[in-house]
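Examination of the molecular architecture
Given next are the chains, with one letter for each unit.
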Amino acid sequence: MAGQSLRLPLSDPGSGSDMVRPGILAKEARPRNKAGVVFSILIPLLAAILLFVVIQAKLRGEQLPDFVIIIEALGFVVVILAGTWFLIRGVREHRESEERYRQMASHIQEIFWMLDAESKQVLEVNEAYETITGRTRRSLLDNPTSYEEIIHPEDRVHVLARLDDATRTGKFDERFRITLPNGDVRWVRVHGFPMRNADGKIFRLVGTAQDITEQKHAEDQVVENLKIAEAARAEAEALRKATLSLTQDLHMDSVMEALLRSLEELVPYTSARVIVPEGGPHLLALGEREIPEQPKALPKYRPGHPLTLIADECPFLKRVLDEQKSVLLPDTSTEKDWQTFTGHSQLRSWLSAPLKASDEYLGFLSIGHTEPNRYTQDHLRRAELLAIPAAAAIQNARLYSTADMYGSELQKRLVDLQEAETALAEVHGEHSGSIDKFEKVFRSSPTPFTITTLREGRFVDVNAAFERRYGYSRAEVLGRTVHELHMWCDPADRMFMTEQLRQGVAVRNRITWLRTKSGEIKLTVYSADRIHFDGQPCVLAVSEDLPELDSRKTN
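Residues numbered from 1 in each chain as written. Predicted model: local features only at pLDDT ≥ 70, side-chain atom pairs only at ≥ 80, totals over all residues. Heavy atoms only, no water.

Looking now at the confidence of the model for the chain. On average, the chain scores 80 in pLDDT, and the residues at 70 or more come to 76%. Scored below 50 in pLDDT, residues 297–303 shows 3 contacts in the model against residues more than four places distant or in partner chains. Below a pLDDT of 50 lies the segment residues 548–555, which in the model reaches 21 contacts outside its immediate sequence neighbourhood of four places, other chains included. (pLDDT = per-residue confidence, 0-100. Contact = heavy atoms within 4.5 Å.)

Shown next as structure tokens:
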């Protein structure tokens, strides 16, 4: 019915009351000329009075003057003409009102609809129905309940139930999806209100339907952004906790336990391992965890655990080690050499992230799941982020292990330090033979000994072991300070040590970096005590190499 005017009934048959359009439509239907209204009432009234006079006169047999009859005739003519004029004017105003309504309804961007409350059939709808739904008005008016078919199947039951409720409550305000003939989906918001008869019963629902697709997409984007922000916050919090847990305990077992449990919060897995080279083609699963975990009653070290691998027997593994890059396999069945990867053949999704610290390749994280296509680039990114603090924690755990091993040996060296201190105390007590005893301990010890002033760090004496380790002769250092020789790579370490000695606390097995004469930097375990020598506060110290970690050099 495109192009035809929308005619809304002004009354409902049998309703007992008129249904007048609200707002401007009702105002347009009223006479705007009050004088015309008064005139249209007075003329018929005057004509009726004259007619009554004429009839009474005729009944009494009286003869009326001609002018009275003429006036009476003129009155009837005027009444007929005035009535005809007001009738034409009313019809014209009604048509103008209908035309304005039709134009407004045709140009409005929202669907305007009218529904019978009892049958739920559409009575009227405007042209916006075609724009929004992609269907003609004629199709709806020919089949007044066909609007049900355009509601998205997932929303249809709910919307129709709410519409049924609205015929009793008069309230309808819903957002739902509709489907277009081409299969596209749009979101609409439909708002309706009731029209009641004199008894207060709802006999019609009228309302609007607005296309809110763009608004809904914007709202969904906001929700999606909030989800992304929340996921980023949760990820950052998980990484923060992981980094903290990795530094709580420097023992390697504790580091592996913290790493693999923290990994579970970032990447779901059924099997995870930390695989590190063990020399040549051999590799070891330094840490491993499976979900669900094995019963606690099982022994910690059971056959096949920890997993050992030989790179030469698995081309895929050898390629991972050679490239030292991240790998993502959504489905391991597409990798021809996967079945040769011992201990991993049951996994269908797999990813790995290299473990690097100080440009040293320590190994890689092996993360797998028994279901295919479980991992995405986002999972790989999370694993790479965790691999950074994990590599540092593994390196620190190794350093701690090495330091602990050498600490036992250094403890023996501290015996030499204590003997030297005892001999020195005896020298000050003028005990016989004490000078020779001190010289023997100081000179013959295989551990570098130094005596420096507490305040300036000026060398008072060094032994032969010091000369061998640092490359300086005794004559080159006596009278000079450690600052002049730039021996401490980080002067703050010596400041901390001297402050500790001033407070009467001995320094034991402190790890620091010291520079030799050639410029080589040595990782050193340092122990020291405060003494009095030649009448001034001094520091008696011993230092020892950590050979496996002495790899940094500078000029």
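Now that the structure has been shown, we can carry on.
So, about the environment of Thr524. Position of Thr524 among the secondary structure elements: in strand E15 (residues 521–533). Separated by 11 residues in the primary sequence, Thr524 and Trp513 have C-alpha atoms spaced 5.8 Å apart. Leaving out residues up to four positions away in the same chain, Thr524 has contacts with Arg469, Tyr470, Arg510, Ile511, Thr512, Leu514, Ser543 and Glu544. A distance of 3.2 Å separates the side chain of Thr524 from the backbone oxygen of Lys522, its partner in a polar contact. (Helix = DSSP H or I, 4+ residues; strand = E, 2+ residues; numbered from the N terminus. Polar contact = N/O pair within 3.5 Å; in protein donor to acceptor, adjacent residues only side chain to side chain.)

It is worth spelling out the sheet that holds strand E13 (residues 459–462) at this point. Sheet strands line up and pair through hydrogen bonds in the backbone, either parallel or antiparallel. The strand order E13-E12-E16-E15-E14 describes an open sheet built from 5 strands, whose pairing is antiparallel. Strands at the two margins of the open sheet, each flanked by one partner only, are E13 and strand E14 (507–515). The mean angle between the axes of side-by-side strands here comes to 30°, regardless of whether they run parallel or antiparallel. (Pairing = 2+ DSSP bridges. Axes fitted to C-alpha atoms, helices over the stretch in contact; angles between N-to-C directions.)

If you walk across this open sheet you meet the 5 strands as E2-E1-E5-E4-E3, and the pairing is antiparallel. Each edge of the open sheet is held by one strand with a lone partner, namely strand E2 (122–125) and strand E3 (172–179). Recorded for the sheet is a direction-independent mean angle of 25° between the axes of neighbouring strands. Inspection of the sheet shows strand E4 (residues 185–196) paired to strand E5 (residues 202–211) by 9 bridges, in the antiparallel sense.

Before going further, it helps to spend a moment on unusual backbone geometry. Leaving glycine out, the prevailing phi sign among residues is negative, and the prevailing peptide bond configuration is trans. With omega at 0°, the peptide bond leading from Ile291 into Pro292 counts as cis. Along the chain, the position of Pro292 falls in the loop between strand E7 (282–290) and strand E8 (308–310). For Ser358, which is not glycine, the phi dihedral falls at a positive 55°. Among the secondary structure elements, Ser358 is positioned in the loop between strand E10 (349–357) and strand E11 (360–369). Looking at Ser358, the relative accessible area reads 62%, which means it is exposed. (Buried < 20%, exposed > 50% of the residue type's maximum accessible area, 1.4 Å probe, protein only.)

A few words now on the packing of aromatic side chains. Throughout the structure, instances matching the rule amount to 10 aromatic pairs. Taken together, a centroid distance of 5.7 Å and an interplanar angle of 85° make the contact between Phe341 and Trp350 edge-to-face. The exposure class of Phe341 is buried, given its relative accessible area of 1%. With a centroid separation of 4.7 Å and an interplanar angle of 40°, the aromatic rings of Phe466 and Tyr470 are classed as tilted. Here the residue Phe466 and the residue Tyr470 both occupy positions in helix H13 (residues 464–470), the gap between them amounting to 4 residues, near one helical turn. In this structure Phe466 comes out as buried when scored by relative accessible area, which is 2%. (Phe/Tyr/Trp six-rings, centres within 6.5 Å; stacked < 30°, edge-to-face > 60°.)

Next up on the list: the nonpolar core. Judged by nonpolar contacts, the single largest core of 35 residues is most densely connected at Leu259, Val267, Val274, Leu351, Leu355, Ile367 and Ile394. Sorting the residues of this core by element identifies helix H8 (213–246), helix H9 (252–266), strand E6 (271–277), E10, E11 and helix H11 (377–428) as the ones contributing at least two each. The element that contributes the greatest number of residues to this core is H11, accounting for 9 residues. Apart from residues lying up to four places away in sequence, Leu355 is in contact with Val274, Glu360, Tyr361, Leu362, Gly363, Phe364, Leu365, Ala387, Ala390, Ala391 and Ile394. By size, the runner-up hydrophobic cluster in this structure holds 26 residues, among which are Ile111, Leu115, Val125 and Ile178. (Core = buried A, V, L, I, M, F, W, Y, C linked by side-chain atoms within 4.5 Å.)

A word on the pairing of E4. The sheet contact formed by E3 and E4 spans 8 bridges and is antiparallel. Residue pairing in the sheet places Asp173 in a bridge with His191 of E4. Counted along the chain from E3 to the antiparallel partner E4, the turn is 5 residues long, and its residue Gly183 has a positive phi close to 95°. Between the end of E4 and the start of E5, which pair antiparallel, lie 5 residues, with Gly200 showing a positive phi angle near 85°.

As paired strands, E14 and E15 are joined by 7 bridges and run antiparallel to one another. In the sheet register, Arg510 faces E15, and the bridge partner there is Tyr526. Hairpin connection between E14 and E15: a loop of 5 residues separates the two successive antiparallel strands, and Gly519 in this loop has a positive phi of roughly 100°.

Right, let's talk about the pattern of salt bridges for a bit. On inspection of all chains with the given rule, the structure shows 30 salt bridges. Between Glu174 and Arg162 there is a salt bridge, and its shortest N-O distance comes to 3.0 Å. Here Arg162 lies in helix H7 (residues 153–169) and Glu174 lies in strand E3, a separation of 12 residues in the sequence. Residue Arg162 is classed as partly exposed on the basis of its relative accessible area of 32%. When the shortest N-O distance is used, the salt bridge between Lys517 and Glu476 registers 2.7 Å. Of this pair, Lys517 sits in the loop between E14 and E15 while Glu476 sits in helix H14 (residues 474–477); the two residues are 41 residues apart in sequence, bridging distant segments of the chain. Residue Lys517 is classed as partly exposed on the basis of its relative accessible area, which comes to 43%. The exposure class of Glu476 is partly exposed, given its relative accessible area of 29%. (Salt bridge = Lys/Arg side-chain N within 4 Å of Asp/Glu carboxyl O.)

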